[in-house]
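Residue-level listing of the chains:
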Amino acid sequence: MLRTHTCGELKLADQGKEVILCGWVQRSRDLGGMTFIDLRDRYGITQLVFNADSDPSLREDARKLGREFVIQITGKVAERSSKNLKIPTGEIEIIVSKIKLLNAAVTPPFTIEEQTDGGDDLRMKYRYLDLRRSSVRNNIELRHRIAIETRNYLDKLNFLDVETPVLIKSTPEGARDFVVPSRMNQHQFYALPQSPQTFKQLLMVAGIDRYYQIVKCFRDEDLRADRQPEFTQIDCEMSFIEQEDILKTFEGLIRHLFNVVKGFDPGEMPRMSYADAMKYYGSDKPDIRFGMKFTELDDIVKNKGFKVFDDAGIVIGICAEGCAEYTRKQLDELTEFVKRPQIGANGLVYVKYNSDGTLKSSVDKFYDAAELKKWADATGAKEGDLILVLAGEKNKTRKAMNELRLEMGTRCGLRDKSVYKCLWVLDFPLLEYSEEAKRWFAMHHPFTSPLPEDFELIDKDPGAVRANAYDMVINGVEVGGGSIRIHDKGMQQKMFSVLGFSNEEANSQFGFLLNAFEYGAPPHGGIAFGFDRLCSLFGGSESIRDFIAFPKNNSGRDVMIDAPSEIHDEQLKELGIGLK
Ligand code: ASP
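Residues numbered from 1 in each chain as written. Predicted model: local features only at pLDDT ≥ 70, side-chain atom pairs only at ≥ 80, totals over all residues. Heavy atoms only, no water.

Visitor: Which parts of the structure should I look at to understand the layout of surface pockets?
Guide: With a probe scaled to a water molecule rolled over the atoms, the places where space remains empty come into view. In this structure, the second largest pocket spans a volume of roughly 530 Å³. Lining the second largest pocket are 13 residues; nearest its centre among them are F178, V179, V180, P564 and S565. Here the residues of the lining of the second largest pocket are counted per class, giving 9 nonpolar, 3 polar and 1 charged. (1 Å grid on protein atoms, 1.4 Å probe; cavity = no way out; pocket = protein on both sides within 12 Å on 5 of 7 lines; lining within 4 Å. Points joined across faces, edges and corners; volume = space filled by probe spheres on them. Nonpolar A, V, L, I, M, F, W, Y, C, P; charged D, E, K, R; others polar.)

Structure follows, in structure tokens:
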């Protein structure tokens, strides 16, 4: 080894020791006859001292070391006179007796320190330098810890880590596939898996019984901050189980991760039906760190001469505690907020329940104080609170109110990043109708089983059939989802036909699965967690990119290696592909 210690471990107790350290020159400063260098490695920073009085030529050598030079030093651990108690090595420094330059470095394009001056693009282009920063490295370490602890937990429960192929045939999970041309089978393509869904089900048919994999998945979708074209799932499947077993097992996983990685228990993990999630939060992933539940006000507010409410499919109110003092300007901001095209409300009605007991609304013309008091009673508003009301088409209004609720939650400081609230959302609809495609789509994926008691509705009222599907939501983020699967060939065929596949299509795309179901498929079900998302949530960040060593940007580019890129004509020819 080129070193005796790392840059993060020497303490006062090591005083007097002769040590050898290796690392990068983070910073160098001259002070009188002394030069100080912060030497950095993965483990921390150790201060080096060079004294012109005791060794002038060594000090001169030290002054020539530039930022990010890689050096090896030999020296003695000494107590520091001005201590830095913010870092673990802050009480000592190394009085250097020898420097060896291991490699010089050109000036980095941004400063490699906690607070960098590098913009996003620059840092991504030089991600290997960005990763030297402790804040970024900490995220990668957190990711590692979560992965290890996931494996520990699942291994103890007899789950087998089985790898599934990456070059496969398209799996319909609702997104676009990435495809890879096959040279050996000209004009044929592999698809990259959107998830190992069908493989893990085949593993159940194979009797593997409990499977997991921390696995790359690929979806060719338009990107947002929390999406990457390639992302990682903790993918799991179990046989001979019911929904309750899955919920218990994976509640256990999340609880374990919180306990060992974050050092606290996340507490109760309540369950909510999809229908209630939509009714009370307007979202299938409610943030339950705070209340502000929806109240449907239709019965109270309709038929009082206010046409907007009378014509509305639904009128929803929320109570923002302690916000009665909101100024005109603040209320205008909220109105602007809900009217933004992404949110799409036509306007916002408010009622201030003033601390003197009076009620003041934006619709005083139609509702007197006694009427407004009914609104307050229904929404649970007290003196000092603000009631916000939206009205319109049911689904649109619920969605808009969800946005407003989250905005108010943020404004009121109710979405504390250090507080974690987990929730299961259950009983999703099996199918959703696409007006555009004029057909039904599987809300989760086509292998999800319906709730047995709803199955009879499949032809009469497909939209009313609930799925045996579940999502885990933490702080309003969907971190995982899964379902109990169909394991019967006839029912799977029925599902494909409801989804508009002809028998031939179903057989050509999924014949392998339908066949497998004829050879003794056990009842099974599973779940997959978005691993990157889980990491970002644990790390208290909005973006999953911070937790991926080499992420892609918003246009799906890796700006460091410059991919995607064109390929040689020769390669295209081999593949039998011509570009226009
Ligand atoms: N394959 C599903 C997904 O990626 C998860 C599951 O049903 O287990 O969403």
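Picking up after the structure, the text goes on.
Visitor: Quick question: what am I supposed to make of the packing of helix α13 (residues 489-498) against helix α14 (residues 503-516) here?
Guide: Each pair of packed helices gets described by two things: the angle between the helix axes and the distance between those axes. Here α13 crosses α14 at 155°, and the two axes come no closer than 11 Å. Relative to α14, α13 is oriented roughly antiparallel. Relative to α14, α13 is oriented so that their crossing is right-handed. From α13, K489, Q492, Q493 and F496 reach across to α14, where they touch A506, F510 and L514. (Axes fitted to C-alpha atoms, helices over the stretch in contact; angles between N-to-C directions. Helix = DSSP H or I, 4+ residues; strand = E, 2+ residues; numbered from the N terminus. Parallel < 35°, antiparallel > 145°, perpendicular 65-115°, else oblique. Left-handed = near helix turned anticlockwise from the far one by under 90°. Contact = heavy atoms within 4.5 Å.)

Visitor: What should I look at first to understand the pairing of strand β21 (residues 477-484) in this one?
Guide: Each regular strand carries side chains that alternate between the two faces of the sheet. With 6 of its 8 residues buried, β21 lies for the most part within the structure. Pairing geometry for strand β20 (residues 469-474) and β21, over 6 bridges, is antiparallel. Bridging from a neighbouring strand, A469 pairs with S483 of β21. Where β20 hands over to β21, the hairpin turn is made up of 2 residues, of which N475 adopts a positive phi near 50°. Here 5 bridges tie β21 to strand β22 (residues 524-530), and the two strands are oriented antiparallel to one another. Counterpart to G482 in the pairing with β22 is I527. (Buried < 20%, exposed > 50% of the residue type's maximum accessible area, 1.4 Å probe, protein only. Pairing = 2+ DSSP bridges.)

Visitor: I keep staring at the pairing of β20 and nothing clicks. Help me out?
Guide: With 6 of 6 residues buried, β20 is to be regarded as a mostly interior element. Across 5 bridges, the pairing between strand β17 (residues 422-426) and β20 is antiparallel. Note on β20: the bridge partner recorded for L423 is V473.

Visitor: Explain the sheet that holds strand β2 (residues 34-41) here, please?
Guide: Backbone-to-backbone hydrogen bonds pair the strands of a sheet. The strands run either parallel or antiparallel. Taken in spatial order, the 5 strands of this closed barrel run β1-β2-β3-β5-β4, and their pairing is mixed. Averaged over all adjacent pairs, the angle separating strand axes in this sheet is 55°, with direction ignored. By the bridge criterion, 2 bridges tie strand β3 (residues 44-51) to strand β5 (residues 92-103) in an arrangement that is parallel. Residue L48 lies in a different strand from β5, and its bridge partner there is I94. Strands in contact with helix α1 (residues 56-63) are β1 (18-31), β2, β3 and β5; relative to β5, the strand with the most contacts, it is inclined by about 65°.

Visitor: Could you clarify how one ought to interpret the sheet that holds strand β12 (residues 295-296) in this entry?
Guide: In space, the 5 strands of this open sheet follow the order β12-β13-β16-β14-β15, with antiparallel pairing throughout. In this open sheet, the two strands that pair with only one neighbour each are β12 and β15 (359-361). Two strands pair when backbone bridges link them, and β12 and strand β13 (residues 314-320) are joined in this way by 2 bridges, in the antiparallel orientation. Residue pairing in the sheet places E296 in a bridge with I316 of β13.

Visitor: Looking at this structure, how should I read the side chain of S182?
Guide: Within the secondary structure, S182 sits in strand β7 (residues 179-182). For S182, a relative accessible area of 5% translates into the label buried. At 3.0 Å, the side chain of S182 and the backbone nitrogen of N185 are in polar contact. When sequence neighbours within four positions are dropped, the list of residues in contact with S182 reads H187, Q188, F189, Y190 and L575. (Polar contact = N/O pair within 3.5 Å; in protein donor to acceptor, adjacent residues only side chain to side chain.)

Visitor: Quick question: what am I supposed to make of empty space enclosed by the protein here?
Guide: A complete count under the given rule lists 1 cavity of 30 Å³ or more for this structure. Quantified by volume, the largest cavity comes out at close to 40 Å³. Residue lining of the largest cavity: M124, R127, F550, P551, D558, V559 and M560, and that is the complete set. Within the lining of the largest cavity, the residues separate by chemical class into 5 nonpolar, no polar and 2 charged.

Visitor: What is the right way to look at the environment of A52 in this model?
Guide: Following the sequence through the fold, A52 ends up in the loop between β3 and α1. Its relative accessible area of 22% is what places A52 among the partly exposed residues. For the pair formed by A52 and G75, sequence separation is 23 residues and the distance between their alpha carbons is 15 Å. Not counting residues up to four positions away in its chain, the partners in contact with A52 are G33 and R59.

Visitor: What's the story with the pattern of salt bridges in this structure? I'm lost.
Guide: Side-chain pairs of opposite charge can arise where the charged atoms are in close proximity. Applying the stated criterion across every chain yields a total of 54 salt bridges. Note that K374 is salt-bridged to E371, the shortest N-O span being 3.2 Å. Of this pair, K374 and E371 both sit in helix α11 (residues 369-379), 3 residues apart, which is roughly one turn of the helix. E518 serves as the salt-bridge partner of K489, at 3.5 Å between the closest nitrogen and oxygen. Taken together, the residues K489 in helix α13 and E518 in the loop between α14 and β22 connect sequence positions 29 residues apart. One continuous salt-bridge network, built from bridges that share partners, spans D120, R123, R127, D130, R133 and R545. (Salt bridge = Lys/Arg side-chain N within 4 Å of Asp/Glu carboxyl O.)

Visitor: Help me understand the site of the ligand, please; the structure alone is not making it clear to me.
Guide: Around the ligand, the surrounding shell holds 14 residues, and the nearest of these are Q197, K200, Q233, H444 and R485. One of the side-chain N or O atoms of Q197 is found 2.7 Å from a nitrogen atom in the ligand. Side-chain polar atom of Q233 to an oxygen atom of the ligand: 2.9 Å apart, as the coordinates give it. For the ligand, the protein covers 91% of the area, taking 270 Å² as the surface of the free molecule. At the level of elements, α5 (197-205), β21 and β22 are the ones that each hand at least two residues to the shell around the ligand. (Near = heavy atom within 4 Å. Areas by Shrake-Rupley, 256 points an atom, 1.4 Å probe, with all protein chains shown as cover.)

Visitor: Is there a simple way to think about α1 in this case?
Guide: In an α-helix there are 3.6 residues to a turn, and that puts residues three or four apart on one side. Three or more residues of α1 are buried, namely L58, R59 and A62. All buried residues of α1 project into a common sector of 100° when viewed along the axis, lining one side. (Arc of directions from axis to C-beta.)

Visitor: Explain the nonpolar core to me, please; I cannot follow it from the model alone.
Guide: Side chains of nonpolar character tend, in soluble globular proteins, to be buried together. Ranked by internal contacts, the top residues of the largest apolar core, which has 38 residues, are F250, I254, I474 and F529. At 8 residues, the largest contribution of residues to this core is made by helix α6 (residues 243-262). Sequence-distant contacts of I254, defined by excluding residues within four places in its chain, comprise M269, C422, M472, I474, F529 and L534. With 25 residues, the next largest nonpolar core counts I318, Y326, L388 and L390 among its residues. (Core = buried A, V, L, I, M, F, W, Y, C linked by side-chain atoms within 4.5 Å.)

Visitor: Teacher, can you tell me more about unusual backbone geometry here?
Guide: Most peptide bonds take the trans configuration, and most residues that are not glycine carry a negative phi. Here the amide bond leading from A563 into P564 is cis, since omega sits at 0°, within 30 degrees of zero. One non-glycine residue, H187, lies in the positive phi region at around 65°. We classify H187 as exposed; its relative accessible area is 58%. One non-glycine residue, D427, adopts positive backbone phi at about 60°. Its location among the elements puts D427 in the loop between β17 and β18 (431-434). Accessibility expressed as a relative area gives 21% for D427, which makes it partly exposed.

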